[in-house]
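Inside the fold
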Amino acid sequence: MRNVRPVCGGETNVCLFKRDFSGMKKIVPFSGYNIVKCRTCGMIYAGDVAEALPLSEYYSLFSKYETKAYFETAYTREDSKDIIFFLKDYINIGDAMLDMGCGTGSLLYSFKLQGYSDITGVDPSESNVHFIKNNLGISAYVGSIGDDYLDLGKTFKLITLKSVLEHISCLDKAMKQLCEYLAHDGYIFLEVPDICAWRYVNDLYQ
(Lines give C-alpha, C1' and ligand atoms only; values in the text may rest on other atoms or scores of the structure.)
Protein backbone atom coordinates (compact mmCIF):
# COMPACT_ATOMS: atom_id res chain seq x y z
CA MET A 1 0.00 0.00 0.00
CA ARG A 2 1.43 3.37 -1.02
CA ASN A 3 -0.12 6.67 0.03
CA VAL A 4 0.85 9.20 -2.61
CA ARG A 5 1.28 12.55 -0.89
CA PRO A 6 0.09 15.78 -2.54
CA VAL A 7 2.47 18.58 -3.45
CA CYS A 8 1.74 20.67 -0.33
CA GLY A 9 2.51 17.83 2.09
CA GLY A 10 -0.91 18.04 3.72
CA GLU A 11 -1.75 15.10 5.95
CA THR A 12 -5.55 14.99 5.70
CA ASN A 13 -7.77 14.32 2.73
CA VAL A 14 -11.31 13.31 1.81
CA CYS A 15 -12.05 10.23 -0.32
CA LEU A 16 -14.12 11.09 -3.41
CA PHE A 17 -14.46 7.57 -4.82
CA LYS A 18 -12.67 4.22 -4.97
CA ARG A 19 -11.19 2.36 -7.95
CA ASP A 20 -11.13 -1.44 -7.80
CA PHE A 21 -8.93 -3.27 -10.33
CA SER A 22 -8.58 -6.51 -8.39
CA GLY A 23 -9.97 -8.55 -11.30
CA MET A 24 -7.55 -7.07 -13.84
CA LYS A 25 -4.17 -8.13 -12.46
CA LYS A 26 -2.64 -8.92 -15.84
CA ILE A 27 -3.25 -5.49 -17.41
CA VAL A 28 -3.40 -2.98 -14.51
CA PRO A 29 -0.46 -2.35 -12.14
CA PHE A 30 -2.79 -1.57 -9.20
CA SER A 31 -5.24 -3.76 -7.33
CA GLY A 32 -6.97 -0.51 -6.46
CA TYR A 33 -6.69 3.02 -5.11
CA ASN A 34 -8.78 5.88 -3.80
CA ILE A 35 -9.33 9.20 -5.56
CA VAL A 36 -8.82 11.71 -2.76
CA LYS A 37 -8.82 15.49 -2.32
CA CYS A 38 -6.25 17.19 -0.10
CA ARG A 39 -7.97 19.26 2.60
CA THR A 40 -5.05 21.72 2.64
CA CYS A 41 -4.45 22.64 -1.03
CA GLY A 42 -7.38 21.03 -2.84
CA MET A 43 -5.25 18.82 -5.07
CA ILE A 44 -7.06 15.70 -6.29
CA TYR A 45 -4.87 12.63 -6.70
CA ALA A 46 -4.65 8.84 -6.46
CA GLY A 47 -4.02 7.85 -2.84
CA ASP A 48 -3.78 4.62 -0.87
CA VAL A 49 -2.36 2.93 -3.95
CA ALA A 50 -2.09 -0.84 -3.70
CA GLU A 51 0.40 -1.94 -6.34
CA ALA A 52 -0.01 -5.30 -8.04
CA LEU A 53 3.14 -4.64 -10.07
CA PRO A 54 5.87 -1.98 -9.67
CA LEU A 55 5.10 0.92 -12.02
CA SER A 56 8.53 0.89 -13.66
CA GLU A 57 8.10 -2.81 -14.48
CA TYR A 58 4.57 -2.22 -15.78
CA TYR A 59 5.66 0.54 -18.17
CA SER A 60 8.64 -1.49 -19.36
CA LEU A 61 6.28 -4.32 -20.31
CA PHE A 62 3.09 -2.58 -21.41
CA SER A 63 4.03 0.79 -22.88
CA LYS A 64 1.16 2.01 -25.08
CA TYR A 65 3.66 4.27 -26.88
CA GLU A 66 5.74 1.33 -27.99
CA THR A 67 4.62 1.43 -31.61
CA LYS A 68 5.80 3.17 -34.76
CA ALA A 69 2.16 4.04 -35.46
CA TYR A 70 1.99 6.18 -32.32
CA PHE A 71 5.30 7.83 -33.16
CA GLU A 72 4.02 8.97 -36.55
CA THR A 73 0.55 10.29 -35.66
CA ALA A 74 -0.40 13.82 -36.70
CA TYR A 75 -1.26 14.58 -33.08
CA THR A 76 2.21 13.74 -31.77
CA ARG A 77 3.85 15.80 -34.52
CA GLU A 78 1.71 18.87 -33.83
CA ASP A 79 2.05 18.51 -30.07
CA SER A 80 5.84 18.29 -30.32
CA LYS A 81 5.89 21.31 -32.63
CA ASP A 82 3.87 23.35 -30.09
CA ILE A 83 6.22 22.36 -27.25
CA ILE A 84 9.34 23.34 -29.18
CA PHE A 85 7.75 26.66 -30.20
CA PHE A 86 7.05 27.37 -26.52
CA LEU A 87 10.58 26.40 -25.38
CA LYS A 88 12.67 28.01 -28.11
CA ASP A 89 12.98 31.30 -26.20
CA TYR A 90 14.53 29.51 -23.21
CA ILE A 91 17.13 27.27 -24.85
CA ASN A 92 19.82 27.57 -27.49
CA ILE A 93 20.41 25.18 -30.38
CA GLY A 94 23.53 23.70 -28.71
CA ASP A 95 22.06 23.19 -25.24
CA ALA A 96 21.81 19.69 -23.77
CA MET A 97 18.24 18.39 -23.53
CA LEU A 98 16.84 15.35 -21.69
CA ASP A 99 13.39 13.86 -22.27
CA MET A 100 12.33 11.64 -19.35
CA GLY A 101 9.72 9.01 -20.20
CA CYS A 102 10.36 9.69 -23.88
CA GLY A 103 8.27 6.84 -25.31
CA THR A 104 9.26 6.18 -28.92
CA GLY A 105 11.07 9.52 -29.09
CA SER A 106 8.60 11.66 -31.04
CA LEU A 107 9.55 14.83 -29.11
CA LEU A 108 13.25 14.04 -29.33
CA TYR A 109 12.97 13.52 -33.08
CA SER A 110 11.16 16.83 -33.50
CA PHE A 111 13.99 18.57 -31.64
CA LYS A 112 16.49 16.83 -33.92
CA LEU A 113 14.65 18.04 -37.03
CA GLN A 114 14.88 21.60 -35.68
CA GLY A 115 18.69 21.31 -35.47
CA TYR A 116 19.16 20.34 -31.83
CA SER A 117 21.86 17.68 -31.57
CA ASP A 118 22.66 17.28 -27.85
CA ILE A 119 19.49 15.36 -27.03
CA THR A 120 18.98 12.32 -24.81
CA GLY A 121 16.00 10.16 -23.92
CA VAL A 122 15.21 7.92 -20.95
CA ASP A 123 12.35 5.40 -20.97
CA PRO A 124 11.53 2.22 -19.00
CA SER A 125 10.81 0.28 -22.21
CA GLU A 126 13.81 -1.48 -23.74
CA SER A 127 11.95 -1.67 -27.06
CA ASN A 128 11.44 2.10 -27.09
CA VAL A 129 15.09 2.76 -26.31
CA HIS A 130 16.16 0.32 -29.04
CA PHE A 131 13.88 2.08 -31.55
CA ILE A 132 15.23 5.55 -30.65
CA LYS A 133 18.88 4.53 -30.86
CA ASN A 134 18.65 2.43 -34.00
CA ASN A 135 15.95 4.19 -36.02
CA LEU A 136 16.34 7.82 -34.95
CA GLY A 137 20.06 7.95 -34.20
CA ILE A 138 19.45 9.56 -30.80
CA SER A 139 21.10 8.71 -27.48
CA ALA A 140 18.70 6.87 -25.17
CA TYR A 141 18.83 4.86 -21.94
CA VAL A 142 16.57 2.39 -20.15
CA GLY A 143 15.42 3.88 -16.85
CA SER A 144 12.60 5.46 -14.87
CA ILE A 145 12.44 8.71 -12.95
CA GLY A 146 12.13 8.02 -9.25
CA ASP A 147 13.90 4.66 -9.46
CA ASP A 148 17.58 4.13 -8.74
CA TYR A 149 19.69 7.05 -9.97
CA LEU A 150 20.85 6.60 -13.57
CA ASP A 151 24.24 8.22 -14.25
CA LEU A 152 23.95 10.04 -17.58
CA GLY A 153 27.39 11.62 -17.28
CA LYS A 154 26.30 15.27 -17.43
CA THR A 155 23.62 17.79 -16.58
CA PHE A 156 21.04 19.29 -18.93
CA LYS A 157 19.85 22.81 -19.70
CA LEU A 158 16.35 21.46 -20.41
CA ILE A 159 14.51 18.46 -18.98
CA THR A 160 11.09 17.61 -20.39
CA LEU A 161 8.43 15.35 -18.86
CA LYS A 162 5.55 15.07 -21.30
CA SER A 163 2.59 13.20 -19.77
CA VAL A 164 4.93 11.56 -17.26
CA LEU A 165 4.50 13.26 -13.90
CA GLU A 166 0.98 11.88 -13.38
CA HIS A 167 2.40 8.34 -13.53
CA ILE A 168 4.92 8.87 -10.72
CA SER A 169 4.09 7.58 -7.24
CA CYS A 170 6.88 9.22 -5.20
CA LEU A 171 6.94 12.85 -6.33
CA ASP A 172 9.46 14.02 -3.73
CA LYS A 173 12.06 11.46 -4.80
CA ALA A 174 11.40 12.08 -8.49
CA MET A 175 11.80 15.86 -8.26
CA LYS A 176 14.98 15.54 -6.20
CA GLN A 177 16.41 13.23 -8.85
CA LEU A 178 15.43 15.62 -11.65
CA CYS A 179 17.30 18.44 -9.94
CA GLU A 180 20.44 16.30 -9.95
CA TYR A 181 20.20 16.08 -13.76
CA LEU A 182 19.45 19.79 -14.17
CA ALA A 183 22.11 22.42 -14.94
CA HIS A 184 22.24 25.33 -12.46
CA ASP A 185 20.63 27.64 -15.04
CA GLY A 186 18.35 24.98 -16.51
CA TYR A 187 14.61 24.54 -16.97
CA ILE A 188 12.15 21.72 -16.35
CA PHE A 189 9.15 21.51 -18.69
CA LEU A 190 6.15 19.59 -17.33
CA GLU A 191 3.03 18.62 -19.28
CA VAL A 192 0.20 16.88 -17.43
CA PRO A 193 -3.43 16.08 -18.30
CA ASP A 194 -5.91 18.96 -18.05
CA ILE A 195 -8.59 18.15 -15.47
CA CYS A 196 -10.98 20.44 -17.38
CA ALA A 197 -10.74 18.12 -20.39
CA TRP A 198 -11.98 15.02 -18.56
CA ARG A 199 -15.56 15.75 -19.67
CA TYR A 200 -14.48 14.95 -23.23
CA VAL A 201 -13.04 11.53 -22.35
CA ASN A 202 -15.42 8.60 -22.68
CA ASP A 203 -13.34 6.08 -20.72
CA LEU A 204 -11.13 7.34 -17.89
CA TYR A 205 -9.80 3.79 -17.28
CA GLN A 206 -7.00 4.47 -14.75
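Anything mentioned here points back to the structure above.
Residues numbered from 1 in each chain as written. Predicted model: local features only at pLDDT ≥ 70, side-chain atom pairs only at ≥ 80, totals over all residues. Heavy atoms only, no water.

Quick look at the overall build of the chain now. When its secondary structure is counted, the chain shows 6 helices and 8 strands. Counting from the amino terminus, the chain carries its helices and strands in the arrangement β-β-β-α-α-α-β-α-β-α-β-β-α-β. Across the 206 residues that make up the chain, the buried fraction comes to 41%. When contacts within the chain are restricted to residue pairs at least 6 apart in sequence, those whose partners lie at least 24 apart make up 61%. Total accessible area on the chain is roughly 12000 Å²; 53% of this is exposed by carbon and sulfur atoms. (Helix = DSSP H or I, 4+ residues; strand = E, 2+ residues; numbered from the N terminus. Buried < 20%, exposed > 50% of the residue type's maximum accessible area, 1.4 Å probe, protein only. Contact = heavy atoms within 4.5 Å. Areas by Shrake-Rupley, 256 points an atom, 1.4 Å probe, with all protein chains shown as cover.)

With that settled, the discussion passes to the pattern of salt bridges. Considering all chains together, one arrives at 5 salt bridges under this definition. The salt bridge involving Asp-95 is made with Lys-157; its shortest N-O contact spans 3.8 Å. Pair noted here: Asp-95 is in the loop between α3 (74-87) and β4 (97-100) and Lys-157 is in strand β7 (residues 156-162), with a separation of 62 residues, a long-range link. Neither residue differs from the other here; Asp-95 and Lys-157 are each classed as buried. (Salt bridge = Lys/Arg side-chain N within 4 Å of Asp/Glu carboxyl O.)

This part covers the sheet that holds strand β2 (residues 30-38). In a beta sheet, neighbouring strands are held together by backbone hydrogen bonds and run either parallel or antiparallel to one another. Read across the sheet, 3 strands follow the order β1-β2-β3 without closing on themselves; strand pairing throughout is antiparallel. Because the sheet does not close on itself, it has two edges, and the strands there are β1 (13-20) and β3 (44-51). Going from strand to strand, the sheet's axes swing by 25° on average, the running direction of each strand aside. Pairing of β2 with β3, which is carried by 6 bridges, proceeds in the antiparallel orientation. Note on β3: the bridge partner recorded for Asn-34 is Gly-47. (Pairing = 2+ DSSP bridges. Axes fitted to C-alpha atoms, helices over the stretch in contact; angles between N-to-C directions.)

Another aspect to go through is the sheet that holds β4. An order of β6-β5-β4-β7-β8 is seen for the 5 strands of this open sheet, with the pairing classed as parallel. Edge strands, defined here as strands with exactly one partner in the open sheet, are β6 (139-142) and β8 (182-191). When the angles between neighbouring strand axes are averaged without regard to direction, this sheet yields 20°. Contacting β4, β5 (119-123) and β7, helix α4 (residues 106-113) crosses the sheet at an angle of about 175° to β5. Along the sheet, helix α5 (residues 126-136) makes contact with β5 and β6, crossing β6 at roughly 165°.

Of note in the backbone geometry, Ser-163 takes a positive phi value of approximately 55° without being a glycine. One can find Ser-163 in the loop between β7 and α6 (171-181). On the basis of relative accessibility, which here comes to 23%, the residue Ser-163 falls in the partly exposed class.

Note: β5 against β6, 4 bridges, orientation parallel. In the sheet register, Thr-120 faces β6, and the bridge partner there is Ser-139. Taken together, β5, α5 and β6 constitute a β-α-β crossover, and its handedness is right-handed. (Right-handed = clockwise from strand over helix to strand, strands pointing away.)

Accessibility expressed as a relative area gives 18% for Asp-95, which makes it buried. A polar atom in the side chain of Asp-95 sits 2.6 Å from the backbone nitrogen of Asn-92. (Polar contact = N/O pair within 3.5 Å; in protein donor to acceptor, adjacent residues only side chain to side chain.)

Right, let's talk about α6 for a bit. Residues of α6 that are buried: Leu-171, Ala-174, Gln-177, Leu-178 and Tyr-181. For α6, the buried positions fall inside an angular range of 130° around the axis, keeping them on one side. In this structure, α6 carries Asp-172 and Lys-176 as exposed residues pointing more than 90 degrees from its buried face. On its buried face, α6 sits against β4, β7 and β8. (Arc of directions from axis to C-beta.)

The biggest cluster of nonpolar side chains holds 19 residues, and the ones touching the most others in it are Leu-87, Leu-108, Phe-111, Ile-119, Ile-132 and Leu-158. Residue assignment for this core shows that the elements contributing at least two residues are α3, α4 and α5. Element by element, the count of residues in this core is highest for α5, at 4 residues. The contacts of Phe-111, once residues within four sequence positions are left out, are Ile-84, Leu-87, Ile-91, Met-97, Tyr-116, Ile-119 and Leu-158. In terms of nonpolar packing, the next biggest core, distinct from the first, is built from 17 residues, Ala-96, Leu-98, Leu-161 and Ala-174 among them. (Core = buried A, V, L, I, M, F, W, Y, C linked by side-chain atoms within 4.5 Å.)

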